[in-house]
Structure formats: structure tokens, C-alpha cells
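Structural overview
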Amino acid sequence: MFSVYGSSGFYKAPVSKGLLGTSVVTAVALNIPLQNYQPYFIYTTHQILQKQQIWRLFTSKLAFLDMKDLFICSLLIYYFRIFERRFGSRKFASYLLGTGLLASLLELLCLYVCQSYLDLDIMSVPSGPLCLVFPMFVPYYYDIPRVAMTTILGVPVTGKTFTYILGLQIASTSAESRLAAVCSIVAGLLWRLNFVKLQTIIQIPKCVAKVCDVTVGRLLKSSPPKNTRLPMGATLELQRQEQLDRLEQQMLWSTFQNPNHLPNGNAQLQQNLFQGLFGNNNIQENLRQRYNTGAAQLENQEPEQPVSEEQVQQLVDMGFNADRVRTALRMSNNDVTTATSVLLRDL
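Position numbers for residues start from 1 in each chain and track the written sequence from start to end. Whole-chain, interface and lining totals are the exception, using all residues; otherwise, since this is a predicted model, local features are given only for residues with pLDDT of at least 70 and side-chain atom pairs are given and counted only at 80 or more. The side-chain figures draw on all heavy atoms in the structure; neither hydrogens nor water molecules are used.

With respect to the overall build of the protein
Which entries qualify depends on this criterion: By the criteria applied, helices consist of DSSP H or I runs no shorter than four residues and strands consist of E runs no shorter than two, each listed in order from the N terminus. Buried means the residue's accessible area, taken with a 1.4 Å probe over protein chains only, is under 20% of the maximum for its type, while exposed means over 50%, and partly exposed covers the values in between. Contact criterion: two residues are considered in contact whenever any of their non-hydrogen atoms come within 4.5 Å of each other. Working definition of accessibility: Shrake-Rupley area with a 1.4 Å probe, residue cover restricted to the visible protein chains.
Looking only at helices and strands, the protein features 19 helices and two strands. When burial is assessed residue by residue, the protein has 44% of its 347 residues classed as buried. Long-range contacts, defined here as pairs at least 24 residues apart, represent 72% of the contacts in the protein between residues at least 6 apart. Total accessible area computed for the protein in this model is approximately 18,900 Å², and 58% of it derives from carbon and sulfur atoms.

Details of the nonpolar core
Short version of the rule: Joining through side-chain atoms within 4.5 Å is the link that ties buried Ala, Val, Leu, Ile, Met, Phe, Trp, Tyr and Cys residues into a set, and such a set is a nonpolar core.
Core analysis: the biggest nonpolar cluster contains 51 residues, and Leu76, Phe80, Phe83, Leu96, Phe134 and Tyr140 have the highest contact counts within it. At the level of elements, α1 (14-31), α4 (67-79), α5 (81-87), α6 (89-116), α7 (130-133), α8 (137-143), α9 (161-171) and α10 (175-192) are the ones that each hand at least two residues to this core. Of all the elements, α6 adds the most residues to this core, at nine residues. Counting residues in hydrophobic clusters, the runner-up holds 10 residues, among them Val307, Leu315, Ala328 and Val336.

With respect to the side chain of serine 60
For serine 60, the location among the structural elements is in the loop between α3 (55-59) and α4. A relative accessible area of 0% means that serine 60 is categorised as buried. Excluding residues within four positions of it along the chain, serine 60 makes contact with Phe41, Tyr43, Ser127 and Gly128.

A look at the packing of aromatic side chains
Working definition: an aromatic ring pair is given by the centre-to-centre distance plus the angle between the planes. So the rule is basically this: Working definition: a ring pair exists when centres of Phe, Tyr or Trp rings (six-membered ring for Trp) sit within 6.5 Å. Plane angles under 30 degrees give stacked, over 60 give edge-to-face, the rest tilted.
By the definition in use, this model includes 16 aromatic pairs. Plain terms: the ring middles of phenylalanine 80 and tyrosine 140 are 5.5 Å apart, the flat faces sit at 65 degrees to each other, and that makes the pair edge-to-face. With a gap of 60 residues between them, phenylalanine 80 in the loop between α4 and α5 and tyrosine 140 in helix α8 connect regions that are remote in the sequence. Overall, phenylalanine 80 belongs to the buried group, its relative accessible area being 0%. With relative accessibility at 0%, the residue tyrosine 140 sits in the buried group.

A closer look at the confidence of the model for the protein
Heads up, the rule is: The predictor attaches a confidence to each residue, called pLDDT, with possible values from 0 through 100.
In the predicted model, the protein carries a mean pLDDT of 76, and the fraction of residues at 70 or more is 71%. Note that residues 1-7 has pLDDT below 50 and, in this model, 33 contacts with residues that lie over four places away or in other chains. Within the model, the stretch residues 228-237 combines pLDDT values under 50 with 24 contacts to residues more than four positions away or in other chains.

Considering α4
Note the threshold: One less than the number of residues in a helix, times 1.5 Å, gives the span that helix is expected to have. In protein, a polar contact means a hydrogen-donor-capable atom and an acceptor-capable atom, both N or O and within 3.5 Å, with residues adjacent in sequence counting only if both atoms are side-chain atoms; elsewhere, any N or O pair within 3.5 Å suffices.
Look at α4: 18 Å from first C-alpha to last across 13 residues, which is about the 18 Å you get at 1.5 Å a residue. Looking at α4, one finds that the buried residues are Asp69, Leu70, Ile72, Cys73, Ser74, Leu75, Leu76, Ile77 and Tyr79. The backbone nitrogen of lysine 68 lies 2.9 Å from a side-chain oxygen of the residue at the head of α4, namely aspartate 66.

Points about a nonpolar patch on the surface
Note the threshold: Only residues whose relative accessible area exceeds 30% and that form no salt bridge are eligible for patches; like-charged ones are grouped when within 9 Å, while nonpolar side chains (Val, Leu, Ile, Met, Phe, Trp, Tyr) are grouped when within 5 Å. Every case where a carboxyl oxygen of Asp or Glu lies within 4 Å of a side-chain nitrogen of Lys or Arg is listed as a salt bridge.
A grouping of Leu109, Tyr112, Val113, Tyr117, Leu118 and Leu120 is seen on the molecular surface, where their side chains present a nonpolar patch of about 600 Å² in accessible area. Here leucine 109 is to be found in helix α6.

A few points about the packing of α1 against α6
Basically, it comes down to this: As a rule, the C-alpha atoms of each element are fitted with a line to give its axis, helices using only the stretch in contact, and angles between N-to-C directions run from 0 to 180 degrees. For classification, angles of less than 35 degrees are called roughly parallel, those exceeding 145 degrees roughly antiparallel, those between 65 and 115 degrees roughly perpendicular, and all remaining angles oblique. All residues other than Ala, Val, Leu, Ile, Met, Phe, Trp, Tyr, Cys, Pro, Asp, Glu, Lys and Arg, Gly among them, are scored as polar; the first ten of these are nonpolar and the last four charged.
It is the contact of α1 with α6, at a shortest axis distance of 9 Å, that shows an interaxial angle of 45 degrees. By the angle between their directions, the pair α1 and α6 is classed as oblique. Of α6, the residues touching α1 (which contributes Pro14, Val15, Ser16 and Leu19) are Ser89, Phe92, Ala93 and Leu96. For the contact of α1 with α6, the residue count by class is six nonpolar, two polar and no charged.

Examining the environment of lysine 68
Following the sequence through the fold, lysine 68 ends up in helix α4. Residues lysine 68 and glutamine 169, spaced 101 residues apart in sequence, show a C-alpha to C-alpha distance of 9.5 Å. Sequence-distant contacts of lysine 68, that is, excluding residues within four places in its chain, are made with Gln169 and Thr173.

A look at the pattern of salt bridges
Scanning the model with the defined rule gives four salt bridges in all. Salt-bridge contacts for lysine 68 lead to aspartate 69; the nearest nitrogen and oxygen are separated by 3.2 Å. Here aspartate 69 falls in the buried class, since its relative accessible area comes to 5%. Between glutamate 309 and arginine 326 there is a salt bridge whose closest N-O contact spans 3.1 Å. Taken together, the residues span a long stretch of sequence, with glutamate 309 in helix α17 (residues 309-316) and arginine 326 in helix α18 (residues 322-331) at a distance of 17 residues. Of the residues examined, glutamate 309 reaches a relative accessible area of 47% and is grouped as partly exposed.

Observations concerning α9
One turn of the α-helix equals 3.6 residues, which is why residues spaced by three or four share an orientation. We apply this condition: Each direction from the helix axis to a C-beta atom contributes to the arc, which is the arc of those directions.
Taken as a whole, α9 has its buried residues at Thr163, Leu166, Gly167, Ile170 and Ala171. Considered in projection along α9, the buried side chains sweep an arc of 135 degrees and stay on one side of the axis. At its buried positions, α9 is contacted by α4, α7, α8 and α10.

What to know about unusual backbone geometry
Residue asparagine 194 is not a glycine yet carries a positive backbone phi of 55 degrees. Residue classification places asparagine 194 among the partly exposed positions, given a relative accessible area of 28%. Phi is positive for valine 196, which is not a glycine, with a value near 45 degrees. Mapped onto the elements of the fold, valine 196 is located in the loop between α10 and α11 (198-201).

Shown next as C-alpha cells:
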């Protein structure tokens, strides 16, 4: 499982920084000074299947020609940089390369089937590296924790809802956009399942990664954040959620450290904190109920139990440091869910 939030900017995410920068520069260049070259970054089924201009399949992935797609995908790339921090730049670049190639091939196959067997008229497929962005929704769905925020007409709204809306905004533009999005997501699923050992076959060689690190990597390197306690979400909604999560974490720590002082003494302070940071009464009641329930449970707890080595190994396998895992398990009284929450928000 991965933390939803990371450090500020592109610290430890040079590949994401390069992808975002390249997308912005090429899109601006092709929409302002180099408009005459836009046809080279577009392809249709006729150009690919009849004229056999296969090179268009790759050039069309180099630049966004629609500024709306550029804006939305820039937000998604910035947000998905958390995967590069967890995977490492080399593994993340391998993931982008593998899923991008697979998505392009699936896209070409679908175009051939639609034209040859289904007699469907597919116009030009959207330009831009959508084949690199949409596959990241797969690890996002499976690995990012789902944090319920509120409900709208009975439908739960989580911290991940806004990101899904951004993806749907691009996919709903046209039938061609939906085709590109579906092919990319299928590519992400095939990579996750390690179909025909894709993860072993498609890897950035270590020597290539090292050369890129000492050359281009120096230009893309970002300095560590000066203050990691500030909200670092890509949008205002994400920052608000992170603010809420950090408040809940502070309450959790306070509960662990001072379990005897919580039931009656902090009611007014708790109310002030909630009203000062959040205006949604449903969120306030939800967190307050969880907070009071946790305090009541801790009052009836038995003395601290020894840390389970099986649980330690389970969390270490997720990529956490063993010492931090033991500390989190002791604080959470060997509750794996709470310990994971503490570890994720402490990244």
C-alpha cells in the first residue's frame, strides 16, 4: 500500500518531472510557434492501416494538441509521482515504457478490428502520452488507501474521487478518447498481472539508468522539501484532505501518548480544531465519533502486548523500515491497520 501524499514538488521524482516538463514544452510549442507541424503528431486509421505510416503511432504520443488534456494530465502526472518515490525511478521508468508500448499495440489492434471486422469509423486518436498516464490508475486503484470523506445522495465520496473525475473528464471527450483510455488501463492490468513475464522482459538496463542519472538526472533533480508538514496535495481538494488526515493523525498520537486525559478534557479544544479547519459537519461528526471510540477503547485496554514478528514481516514486505514498523505496532497495540496508517502518513 502507498501513501496518498508525498513530499513537496518533484523530490525523488525526476522521471515524473521530465515527463511533465516535456509535455508542457511540446504542447506549447506545437500550439503557438510550430502549428504547421501539428499534422505529424496526429494519426488516423487510414494513415496507419492503408498508408502504413506506423511512425505516427509513436509521434502522436509525444505531445498534447488539446490544451484541456494537457492541463488535466499535468495534474495527474504531478499526483502520480508518488509511485516513482515508492517504485524508484528505474522501476517507474520501466513501468511507463512497458505499459506505454503495450497500450499503443492494443490501440493499434483495436483500430484494425474496428475497421476490418466491425465496420466502425474511428477518427483520429487523441494526441499526447495518454498511454503513460492512464495505466497508473491501476496501481492507484489497488494500492492507494480508500479514505471515506462524506456521501452525496448516498454515494460515498473518498479522497480518490477527484482523481477519478479527472480521468473520466479526458475519457469522456470522444469515442476515440475512451478507446485510448481503455487500452491503457488494460495495459496497466496486464503489467500488474505480469502477463507473459512483462516485468522481467521490459526493464531499463542499470547501465542506461546510471548514465541518465548522471546526465539528464542532474538537470531534473529537485532539492528536499524544507517543511514536510505543510499540505502538499496537487489541488485544493487534495490539500484539504491531507489537512484532515494530519489532524486525525495528531489526535491518534495524542490518544496513544495520553490515554487517560482524553474523555473529558479536550472536548472544547477538539471542537475548535474541527471548526477552524473544516466546515463540513458530516466530516466533523465522523472524525469525532472515531476519535471518541478510540479513546474509549484505549481506556479498557490491557497492558502493552509484545510485537508480533509475523505482523512486522508483513509490513516490512510492504517496504517499511523494521524499526519504524515495531514502533508503530507498539503504539497501535498490534493493530496492523492503525500501524499501517501511521507508517503511511509518516513517509
